[in-house]
Amino acid sequence: MSLSPQQVVDDASVLQSMGYKQELSRTMNPFSNFAISFSIICILSGGINSLSQGISGVGGAAIGIGWLVGSAISLVFALGMAQIGSAFPTAGGLYHWSSILGGRGWGWLTAWLNLLGLVTVLGAINVGTFYFFMGAFGTSLGWEPNFATQAAFVVGITAVQALANHVGIKLTAFLTDISGYLIFATAIGLTVALLAYAPSWDVSRLFTIKNYSGPIGGDVWPATQSMWLLFGLGLLLPIYTITGFDASAHTAEETVGASSAVPKGIVTSVLYSSLFGYLMLCAFVIAIPDMDKAAASGGNVFFGTMDAVLPVGLKTALYWAITASQFLCGLATVTSASRMIFAFARDGGLPASNALKTVHATLKSPVAAIWTACTIAVLFTLYTPAYTTIVSVTVIFIFISYGLPIALGGLAYGKTWTKMGPWNMGPVFRVVALLVSLSAVLILFLGVQPPNDAALQITLAFLALTAVVWFGFERRRFKGPPVASMTAK
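What counts and how
Residues numbered from 1 in each chain as written. Predicted model: local features only at pLDDT ≥ 70, side-chain atom pairs only at ≥ 80, totals over all residues. Heavy atoms only, no water. Helix = DSSP H or I, 4+ residues; strand = E, 2+ residues; numbered from the N terminus. Buried < 20%, exposed > 50% of the residue type's maximum accessible area, 1.4 Å probe, protein only. Contact = heavy atoms within 4.5 Å. 1 Å grid on protein atoms, 1.4 Å probe; cavity = no way out; pocket = protein on both sides within 12 Å on 5 of 7 lines; lining within 4 Å. Points joined across faces, edges and corners; volume = space filled by probe spheres on them. Nonpolar A, V, L, I, M, F, W, Y, C, P; charged D, E, K, R; others polar. Patch = residues over 30% accessible without salt bridge, like charges linked within 9 Å, V, L, I, M, F, W, Y side chains within 5 Å. Areas by Shrake-Rupley, 256 points an atom, 1.4 Å probe, with all protein chains shown as cover. Salt bridge = Lys/Arg side-chain N within 4 Å of Asp/Glu carboxyl O. Lys, Arg positive; Asp, Glu negative; His and termini not counted.

## Considering the side chain of Ser439
At step 1: Here Ser439 lies in helix 20 (residues 428–447).
At step 2: On the basis of relative accessibility, which here comes to 12%, the residue Ser439 falls in the buried class.
At step 3: In contact with Ser439, other than residues within four places in its own chain, are Ile73 and Phe77.

## Re the layout of surface pockets
At step 1: As a volume, the largest pocket reaches approximately 420 Å³.
At step 2: Secondary structure elements with two or more residues in the lining of the largest pocket: helix 2 (30–49), helix 3 (52–58), helix 7 (104–141), helix 15 (301–309) and helix 19 (387–412).
At step 3: Looking at the lining of the largest pocket, the element that brings in the most residues is helix 7, giving four residues.
At step 4: When its residues are assigned to classes, the lining of the largest pocket shows eleven nonpolar, twelve polar and one charged.

## Here's the deal with a nonpolar patch on the surface
At step 1: Together, Ile65, Val69, Val203, Phe207 and Ile209 make up a nonpolar patch on the protein surface, roughly 390 Å² of accessible area in all.
At step 2: When you line up the elements, Val69 lands in helix 5 (residues 66–87).

## Observations concerning the side chain of Arg205
At step 1: Here Arg205 lies in the loop between helix 9 (169–197) and helix 10 (227–234).
At step 2: No salt bridge is formed by the buried Arg205; its nearest oppositely charged neighbour, Asp202, is found at 4.1 Å.

## Topic: empty space enclosed by the protein
At step 1: Under the definition given, this model contains two cavities of 30 Å³ or more.
At step 2: Contributing to the lining of the largest cavity are Ile40, Ile41, Cys42, Ser45, Gly46, Val121, Ile125, Tyr240, Thr241, Thr243 and Cys329.
At step 3: Residue assignment for the lining of the largest cavity shows that the elements contributing at least two residues are helix 2, helix 7 and helix 11 (236–241).
At step 4: For the lining of the largest cavity, the class distribution of residues is seven nonpolar, four polar and no charged.
At step 5: Secondary structure elements with two or more residues in the lining of the second largest cavity: helix 1 (5–17) and helix 13 (258–287).
At step 6: Tallying contributions element by element places helix 1 first for the lining of the second largest cavity, with three residues.
At step 7: Broken down by class, the residue content of the lining of the second largest cavity amounts to four nonpolar, one polar and two charged.

Here it is as structure tokens:
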């Protein structure tokens, strides 16, 4: 697709009307904007690495029914974000939206929640990639699955992801475009292979609910008699997997035709991920030789099934494709997180903002923000090495940051916010905002259940710290985005 010079000029004009000049390189086409969100969602990352949260909960129904419910929750968030992102296409994304729709205090809180969500999701992705790589190739390489090996692996791949982003958005967009095609191809290949080699086709197991909590489920979840709670906990699988679609908003200032491309990228990335993820994981459930044994294997459910079903050569080829997809998922996440840091620093919201808002004169990339995001992500994984806890913290922070601007938009819609972008659902947006608010409460509840109760301590500690910092210092100092009255236009 050719990029229209006039459209680039028009995009820069829209950005200028919001108080910013064009600094980043606006070279991404609409497919690249879609691909970066699709790459971060990466059904081959969260969909595989968190699979035990569903299978070792209520069995096959966690996919057959639960995946659809969790996907619907993510889609509701995506629809709300699309409406606002179409009206306010900036790299700050959610932070700017909350500031404009609710005030600079809400914007500041959203920025910190989104920032922590992005860096923790980067950590979760790369720790998940380590676990997958160890399960696929660790034994043959003679690697020991200890903390030192995990730390070295995560530091190594994060540094490579940072370097690729450092070079500039053209390389990043090229790699995420490839990632989009690779995820499609690998997911289809895995689906076909699993169905072709499945011992039998028992579709009923996709809708059969069984209590696998406690030891019979590999102690993934503590023993409980509440099937509603266990089913709800399984929703963390699709909800965690289908996240990161705010990347389309964070790269708005690098996308041509952003007012239309950004909302389309957000929604279509969620829809395609939901569909292909559902088909792939349904095929996986059907291919499982023995559901009871699979659930009891806990975190080894994916590799145990692959070993039992697929030929070695085909399995190895799929493993390499999945590993590459997971690596590129992390690379795209670095892009998203660094643009959030850049945008927040541009408005003076971070320590060392002058350095973090710097854009490389030649590469046109926010190099300081890139390396900062990667450093924080690595440090978080060193502090909290447990994958499930990292995932829970990620889900809580990221979805609350998604929900805040949408809820504020629901309150402002038709009052202080009357000018919409090309993507406009009309009054239905208010219903979406209500559903998003209810979903955010549900996600917070599920995310802090045992054995991930440490996530509650981390969340409460962060909220307490932010309250102290805001009321003690930032409320007087932080001015917010330069144009905070756009809703009146």
